[in-house]
Amino acid sequence: MNYGNYLIIATFFSLWVSGFLSQTQQQTIALSLILTLGIIHGAHDIFIANKILKEKFQFFKVLGPYLLSVVAFALLYIVSPPILITIFVFFSAYHFGEQHWLDKVEQPKILERGYAFCYGLVIIALLLRINFSETELILSEMSSFELNKNLLNLVLSIAGIALIVASFFLKNSRIPIKKRLGMELIVLGVLAIIFSSSSLVWGFAIYFVIWHSIPSILSQLIYMKGEISWKSFFQYLKDSVLYWLIALTGLIALFYFFKDDNKIILSIIFPFIAALTFPHALIISHMFKRTPK
């Protein structure tokens with residue numbers, strides 16, 4: 001069975017099981033998934049970057065940009081949270097779409113990259129729009145930034161229309177749109193139901209873990225280990241566990257010391273996640289360029 005079929009089954013299962021879970025149970029499971037598979041899929045970045053550089057013992061050359069990125073985006077968050085949030089959403093949209101559509105496309109063209117960006121933007125905008133009240137509450141706790149519902153509707157509409165138009169022009173391209181169109185529409189429909197019938201955190205976790213983190217790990221296994229197997233997966237975990245534990249320990253400490261102040265937690269976590277997203281997305285994009293198709 002193609003691994004994509006397992007992801008579809010997992011998506012339907014998450015829809016089914018969400019009906020039996022309370023909001024608290026959903027958030028607990030969702031955070032557990034994000035803190036395990038979600039963080040692990042980015043914990044291998046240093047090894048990927050090291051292979052791309054084709055140099056040994058150059059970890060500080062990779063860690064340097066990470067640390068500078070954290071500082072730069074933390075400062076940007078202090079100066080202008082709306083700018084950081086906007087950049088983060090757009091960058092994440094392309095990163096999600098690239099993993100979903102372009103992982104097997106060699107040297108993607110501009111229209112193909114645009115298609116990937118629109119797909120990711122539709123997913124993010126759909127999640128935020130359906131859970132608008134919860135999103136608005138989180139943003140208000142994090143900063144004075146106010147999300148405009150009409151603007152979000154406009155972004156979702158433009159991205160959706162652009163995705164449909166691009167699908168027509170790219171139907172015979174290297175992106176397997178015709179082959180996957182029917183199933184993709186079904187998956188989008190199921191995701192929309194999940195987004196609308198559960199919390200923001202649960203909806204995000206289902207997409208982020210099932211449709212992004214797991215495929216990303218599989219792509220990384222092909223590039224780093226040359227195969228997808230349990231042996232390569234356990235070696236991947238062994239290599240990543242130290243960086244995963246460092247990130248997890250930091251987050252747990254953060255929640256413990258600021259557990260009574262959500263605003264402080266969000267104000268620290270968001271720029272930190274945003275800062276790590278940018279170098280991670282760039283490293284994965286470079287990895288795709290070097291992965292045998």
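The model shown is predicted, which means the values in this text are computed figures rather than measured ones.

### Regarding the overall build of the chain
Okay, so step 1: Looking only at helices and strands, the chain features twelve helices and zero strands.
Okay, so step 2: Along the chain direction, N to C, the helices and strands of the chain fall in the order α-α-α-α-α-α-α-α-α-α-α-α.
Okay, so step 3: A buried classification covers 45% of the 293 residues belonging to the chain.
Okay, so step 4: The contacts in the chain between residues at least 6 apart in sequence include a share of 75% that link residues at least 24 apart.

### Looking at unusual backbone geometry
Okay, so step 1: Backbone geometry at glutamine 107 places phi at a positive 50 degrees, although glycine is not the residue there.
Okay, so step 2: With respect to the helices, strands and loops of the structure, glutamine 107 is situated in the loop between helix H5 (81–101) and helix H6 (110–130).
Okay, so step 3: Take glutamine 107: its relative accessible area is 51%, and that puts it in the exposed class.

### Considerations on empty space enclosed by the protein
To find leftover empty space, one rolls a probe the size of a water molecule over the atoms.
Okay, so step 1: The tally for this structure, following the rule as stated, stands at one cavity of 30 Å³ or more.
Okay, so step 2: For the lining of the largest cavity, the element with the most residues is helix H12 (residues 262–290), which contributes three residues.
Okay, so step 3: Class assignment for the residues of the lining of the largest cavity results in four nonpolar, two polar and four charged.

### What to know about the pattern of salt bridges
Okay, so step 1: Under the criterion given, the structure shown has four salt bridges.
Okay, so step 2: Here arginine 180 and glutamate 184 are joined by a salt bridge, their closest N and O atoms 3.0 Å apart. In this pair, arginine 180 and glutamate 184 are both assigned in helix H9 (residues 177–197), four residues apart and thus about one turn of the helix distant.
Okay, so step 3: For aspartate 239, the salt bridge identified is with lysine 225, shortest N-O distance 2.9 Å. With a gap of 14 residues between them, aspartate 239 in helix H11 (residues 230–257) and lysine 225 in helix H10 (residues 200–225) connect regions that are remote in the sequence.

### Observations concerning the packing of aromatic side chains
Okay, so step 1: Counted under the stated rule, the structure contains 14 aromatic pairs.
Okay, so step 2: Measuring from ring centre to ring centre gives 5.7 Å for phenylalanine 90 and phenylalanine 117, while their planes differ by 90 degrees; the resulting arrangement is edge-to-face. Of this pair, phenylalanine 90 sits in helix H5 while phenylalanine 117 sits in helix H6; the two residues are 27 residues apart in sequence, bridging distant segments of the chain.
Okay, so step 3: Phenylalanine 90 gets classed as partly exposed once you look at its relative accessible area, which sits at 42%.
Okay, so step 4: For phenylalanine 117, a relative accessible area of 25% puts it in the partly exposed group.
Okay, so step 5: Both rings, one in phenylalanine 168 and one in phenylalanine 169, keep their centres 5.6 Å apart while their planes meet at 80 degrees; by these two values the pair is edge-to-face.
Okay, so step 6: Among the residues examined, phenylalanine 168 registers a relative accessible area of 52% and is labelled exposed.
Okay, so step 7: Site record: aromatic cluster; members linked through ring pairs are Phe96, Phe204, Tyr207 and Phe208.
Okay, so step 8: Across from the ring centre of tryptophan 101, 4.1 Å away, lies the NZ or CZ of arginine 180, which sits over that ring.

### Some remarks on the side chain of serine 216
Okay, so step 1: Mapped onto the elements, serine 216 comes out in helix H10.
Okay, so step 2: Those residues within four positions of serine 216 in sequence are excluded, and the remaining contacts are His41, Gln99 and Ile284.

### Topic: the packing of H6 against H9
Okay, so step 1: Two elements in contact, H6 and H9, have axes whose closest approach is 9 Å; the angle formed by their N-to-C orientations is 20 degrees. Taken as axis vectors, H6 and H9 run roughly parallel relative to one another. The handedness of the crossing between H6 and H9 is right-handed. On the side of H6, the interface is formed by Tyr115, Tyr119, Ile123, Leu126, Leu127 and Ile130, while H9 contributes Ile177, Glu184, Leu188, Leu191, Ala192, Phe195 and Ser196.
Okay, so step 2: A breakdown of the residues in the contact of H6 with H9 according to their chemical character gives eleven nonpolar, one polar and one charged.

Reading the values: rules and limits
- Residues numbered from 1 in each chain as written.
- Predicted model: local features only at pLDDT ≥ 70, side-chain atom pairs only at ≥ 80, totals over all residues.
- Heavy atoms only, no water.
- Helix = DSSP H or I, 4+ residues; strand = E, 2+ residues; numbered from the N terminus.
- Buried < 20%, exposed > 50% of the residue type's maximum accessible area, 1.4 Å probe, protein only.
- Contact = heavy atoms within 4.5 Å.
- 1 Å grid on protein atoms, 1.4 Å probe; cavity = no way out; pocket = protein on both sides within 12 Å on 5 of 7 lines; lining within 4 Å.
- Points joined across faces, edges and corners; volume = space filled by probe spheres on them.
- Nonpolar A, V, L, I, M, F, W, Y, C, P; charged D, E, K, R; others polar.
- Salt bridge = Lys/Arg side-chain N within 4 Å of Asp/Glu carboxyl O.
- Phe/Tyr/Trp six-rings, centres within 6.5 Å; stacked < 30°, edge-to-face > 60°.
- Lys NZ or Arg CZ within 6 Å of the ring centre and 35° of its normal.
- Axes fitted to C-alpha atoms, helices over the stretch in contact; angles between N-to-C directions.
- Parallel < 35°, antiparallel > 145°, perpendicular 65-115°, else oblique.
- Left-handed = near helix turned anticlockwise from the far one by under 90°.

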